[in-house]
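A structural walkthrough
Given next are the chains, with one letter for each unit.
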Amino acid sequence: MISKEIVVRCESGLHKEQAAFFVQKAYEFECGVWLESGSRRMNAKSLLGIMSLGVVTGDVVTLSADGKDQEAAMEALEVLLLRDVY
């Protein structure tokens, strides 16, 4: 398992289209992926879970992945937390 703390830089935070795109990207990987904000940890493949975290620009989150393609998942998902993609 690998983890990394990331400061969210996308202007919209993880709401609406940005959250949907994040979850769709997470589904492209076989590994398990989680996003933590504060004391809450959610499966990154759950749209409702990700949106319920209420992540906004400037929040520090922890992105974790565990599985055979974990490095690729971490790289791809980190990019989405650093910029708006929709």
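Let us look at the structure shown here. (Residues numbered from 1 in each chain as written. Predicted model: local features only at pLDDT ≥ 70, side-chain atom pairs only at ≥ 80, totals over all residues. Heavy atoms only, no water.)

1. Thoughts on the sheet that holds strand β3 (residues 40–43)
- One open sheet accounts for 4 strands, arranged β1-β4-β2-β3; its pairing is antiparallel. What marks the edges here is a single partner per strand, and that holds for β1 (2–7) and β3. Strand-to-strand twist across the sheet, computed as the mean angle between neighbouring axes with direction ignored, equals 25°.
- Note that β1 and strand β4 (residues 60–66) share 6 bridges and pair antiparallel. In the strand pairing of β4, Ile6 is matched with Val61. (Pairing = 2+ DSSP bridges. Helix = DSSP H or I, 4+ residues; strand = E, 2+ residues; numbered from the N terminus. Axes fitted to C-alpha atoms, helices over the stretch in contact; angles between N-to-C directions.)

2. Quick notes on the environment of Arg9
- Note that Arg9 resides in the loop between β1 and α1 (16–26).
- Excluding its chain neighbours within four sequence positions, the residues that come into contact with Arg9 are Thr57, Leu81 and Leu82. (Contact = heavy atoms within 4.5 Å.)

3. Observations regarding the pattern of salt bridges
- In the structure shown here, the tally under the stated rule is 4 salt bridges.
- Note that Glu36 and Arg41 form a salt bridge whose closest N and O atoms lie 4.0 Å from each other.
- Since its relative accessible area comes to 42%, Arg41 is described here as partly exposed. (Salt bridge = Lys/Arg side-chain N within 4 Å of Asp/Glu carboxyl O. Buried < 20%, exposed > 50% of the residue type's maximum accessible area, 1.4 Å probe, protein only.)

4. Digging into α1
- Among the residues making up α1, those that are buried are Gln18, Ala19, Phe22, Val23 and Ala26. Seen along its axis, α1 keeps its buried residues to an arc of 130°; they face one direction. Opposite its buried face, α1 presents the exposed residues Lys16 and Gln24, each directed more than 90 degrees away.
- Where α1 is buried, its residues contact β2 (32–37), α2 (47–52), β4 and α3 (70–82). (Arc of directions from axis to C-beta.)

5. A word on α3
- The terminal C-alpha atoms of α3, which comprises 13 residues, lie 18 Å apart, in line with the 18 Å expected from a rise of 1.5 Å per residue.
- Within α3, burial applies to Gln70, Ala73, Met74, Leu77, Glu78, Leu80 and Leu81. Seen along its axis, α3 keeps its buried residues to an arc of 155°; they face one direction.
- Contact partners of the buried residues in α3: β1, α1, β2 and β4. (Expected span 1.5 Å × (residues − 1).)

6. Points about the nonpolar core
- Within the largest apolar cluster, 24 residues are counted, with the highest numbers of intra-cluster contacts made by Phe22, Val33, Leu35, Ile50, Leu63 and Leu81.
- Where this core is concerned, the elements lending two or more residues are α1, β2, β4 and α3.
- Per-element accounting of this core gives the leading share, 5 residues, to α3.
- With sequence-adjacent residues up to four places away left out, Leu81 is seen in contact with Ile6, Val7, Val8, Arg9, Cys10, Leu14, Phe22, Leu35 and Val61. (Core = buried A, V, L, I, M, F, W, Y, C linked by side-chain atoms within 4.5 Å.)

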